[in-house]
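Geometric and topological summary
The primary structure of each chain is shown beneath.
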Amino acid sequence: MLRLTIFTGSLLFLLINSLSLAQGDYRWPRQLIFGSTEVGTAGYALLVAWTTEFTVATGVQARVLPGTTPTITSWLLEGRVDFVSAPLTVLVESLDGEPGYRPGPLRVAYPVLLLPWGLMVRGDSPYRRVQDVGPGARLAWPPFSYFHRILDGLLACRGLTREQVRLVPVANYSANSRVIAEGGADIAFTSPVSDVNVEVEGNPRGIRWLAVPTAQEDRTCLQRWQRAYPLLQLVRPAEIGVQSARGVRMFVIPSVYYTRADVSEELVYHLVKWLDENHSLYRDKHALARFQSMESLRFIVENMGVPLHPGTVRYLREKGLWTQEMARRQETAVKLVDQYATLYERATSLARSRRISTDPASESWQRFWRDFLAQNRVPRFSEAWRP
C-alpha cells in the first residue's frame, strides 16, 4: 500500500509538472537562467521576486546568477545564461568594446525599470543649480567609463575641462555616493533608487539633487550634455527613489532584460506575454515591480530606437501597439548593432592571426580595437547610435 501511495503521488506530481510546463500551446523549457547585477541592487531583488512567482505559475526552474555587468554580458553572449537584467548603458559599453566588454548581437526583451539618474550633492552644499558648477568643483569619479562620459558632458555644459575641476577617485558605486555624505566630493552622478542613497540621505546634513535644465532655461548646456552620451535624451521629474529626489528633473536611463538575437522567438514572445498578463501576480512582491510593465515598454519604444527581440516585436504587434515609426527605428537599431558585432568578429580574427590578445580587458586588445575602427573609418557605436 505504501509503495502504491508513493507511486500515485509521484505520478500526480509529474502530471502537474507536465501540465505547468505545457501552458496553452507552448511548452516552456524546464530551466531558464538569468544573469543579474550584484546582490543588493534593485535589479537583482526585483528579478528574484518575480521569478519566484514565475516558477510557481509555470513550473520552470528560474536561476538567478549575479555578477558585474561585463561578466553577465559575457555569460549571455557565450550562451551560459538566457537573459540578463542590466541598465541600457550595457548596450553602449558592450558595442563600444569598453574594457571587459565585447560587442555581440544583443536584443532587448522587456523593461526592468525606468531609472532616474542625476547629480547629488550634500544638503549644505553651495551648489543649487547645474549653472553653479564651476572651476574647482570636486566630482566623484568611480571606475565606470559611462560615468566619465556623462560627467564630461556636465563639464561641456559648463564650458569646463577635467583640468579645471578636481576628480575624486572612488572604488565603486556605493563609495561614489558615500563620499558626498563624508564631504570628500561635492557632486556625484547616481540614481536616487539605489539602496545606498537611502543610507546617504540619512546623514545629518541630508542630500539634494541638481535639476537637469530645460531647453528654455539653458539650451546650450542641455545640448552639450546630451551629445556626450547617447542615453541622455529622456528627461523627466523623478517619481521614485529617495524623498529628496522626488519631482527633480533627471535623466531617465532604462534598465532592461537583454537576450541574444538567436534566442527562440517563441520563448521571448511567451515570456513577454507572461510578464504582461501576470503583472498582478508580482507587482506587489517588490516596491519597484509596478514599473516592470507594458506601460514602461511602450515608453521605451515610443521614445527610443532600441534593438528589440523579434519575440517582443511580435507581442507588440499582437497588442496593436506596433507602428511604422517603431519599425523604422527597429530596423536601424538592429542593423547598427549587428554591424558592430560583425566588425568585432573580423577584428578578433585578425588579432588572433597576429597573435594579439583578444581578452576584452587587456590593454593590447583595447588598442587594437580602437585602431581597427579608425583604420576602417568607423566611429564608436555610441557616436553612431542616436536612440
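The following refers to the structure shown. (Residues numbered from 1 in each chain as written. Predicted model: local features only at pLDDT ≥ 70, side-chain atom pairs only at ≥ 80, totals over all residues. Heavy atoms only, no water.)

Let us look at the overall build of the protein. When you go through the protein residue by residue, the secondary structure sums to 15 helices and 12 strands. Taken over C-alpha atoms, the radius of gyration comes to 23 Å for the protein, in line with the 21 Å a tight globule of 387 residues would show. Dimensions of the protein along its principal axes, counting C-alpha atoms only, are 85 × 55 × 40 Å. Here the protein, with 387 residues, has 54% of them falling under the buried criterion. (Helix = DSSP H or I, 4+ residues; strand = E, 2+ residues; numbered from the N terminus. Rg over C-alpha atoms; globule rule 2.2 N^0.38 Å. Buried < 20%, exposed > 50% of the residue type's maximum accessible area, 1.4 Å probe, protein only.)

Grouped together as the largest cluster of nonpolar side chains are 112 residues, with contacts concentrated most on Trp50, Leu119, Trp225 and Tyr258. Top element by residues in this core is strand 6 (residues 106-122). It accounts for 11 residues. The residues contacting Trp50, other than those within four sequence positions of it, are Phe34, Tyr257, Leu271, Trp274, Leu275, Tyr282 and Gln292. By size, the runner-up hydrophobic cluster in this structure holds 18 residues, among which are Val170, Val200, Ala245 and Met250. (Core = buried A, V, L, I, M, F, W, Y, C linked by side-chain atoms within 4.5 Å. Contact = heavy atoms within 4.5 Å.)

Attention now goes to the pairing of strand 8 (residues 166-169). Sheet analysis places strand 7 (residues 138-141) next to strand 8, joined by 4 bridges and oriented parallel. Looking at the pairing, Ala140 lines up with Val168 of strand 8. Handedness of the β-α-β unit built from strand 7, helix 5 (residues 145-157) and strand 8 comes out right-handed. (Pairing = 2+ DSSP bridges. Right-handed = clockwise from strand over helix to strand, strands pointing away.)

Here the focus is the pattern of salt bridges. A complete count under the given rule lists 20 salt bridges for this structure. A salt bridge links Glu199 to Arg178; its shortest N-O distance comes to 2.8 Å. Here Glu199, found in helix 7 (residues 195-201), pairs with Arg178, found in helix 6 (residues 173-182); they are 21 residues apart in sequence, far enough to count as distant. Residue Arg178 is classed as partly exposed on the basis of its relative accessible area of 32%. In this structure, Glu325 and Arg328 form a salt bridge, with 2.6 Å as the shortest nitrogen-oxygen distance. Note that Glu325 and Arg328 are positioned in helix 13 (residues 324-353) at a spacing of 3 residues, about one turn of the helix. What makes Glu325 partly exposed here is its relative accessible area of 38%. With a relative accessible area of 46%, Arg328 lands in the partly exposed category. Residues joined in a network through salt bridges with shared partners are Asp96, Glu98, Arg149 and Arg380. (Salt bridge = Lys/Arg side-chain N within 4 Å of Asp/Glu carboxyl O.)

This next bit is on unusual backbone geometry. Backbone geometry places Arg355, a non-glycine residue, at a positive phi of 60°. Turning to its location among the elements, Arg355 is positioned in the loop between helix 13 and helix 14 (363-375). The class of Arg355 is exposed, set by a relative accessible area of 81%.

What follows is about the state of the cysteines. This structure, assessed with the given rule, holds 1 disulfide. The partner cysteine of Cys157 in its disulfide is Cys221, sulfur to sulfur 1.9 Å. In this structure, the disulfide formed by Cys157 and Cys221 twists by about -75° around the S-S bond and is classed as left-handed. Linking Cys157 in helix 5 with Cys221 in helix 8 (residues 215-227), this pair joins segments that are 64 residues apart in sequence. The pair formed by Cys157 and Cys221 is uniform in burial state, with each residue classed as buried. (Disulfide = S-S within 2.5 Å.)

A separate point is the pairing of strand 12 (residues 249-260). Residues in a regular strand point their side chains to alternate faces of the sheet. Of all 12 residues that make up strand 12, 11 are buried, and the element is covered over most of its length. In terms of strand pairing, strand 5 (residues 83-87) meets strand 12 through 4 bridges, oriented antiparallel. Of the residues in strand 12, the one forming a bridge with Ala86 is Val256. In this structure, strand 6 lies alongside strand 12, joined through 10 bridges in antiparallel fashion. Opposite Leu114, over in strand 12, you have Pro254 as the bridge partner. As paired elements, strand 11 (residues 235-237) and strand 12 share 3 bridges and run antiparallel to each other. Residue Arg236 lies in a different strand from strand 12, and its bridge partner there is Met250.

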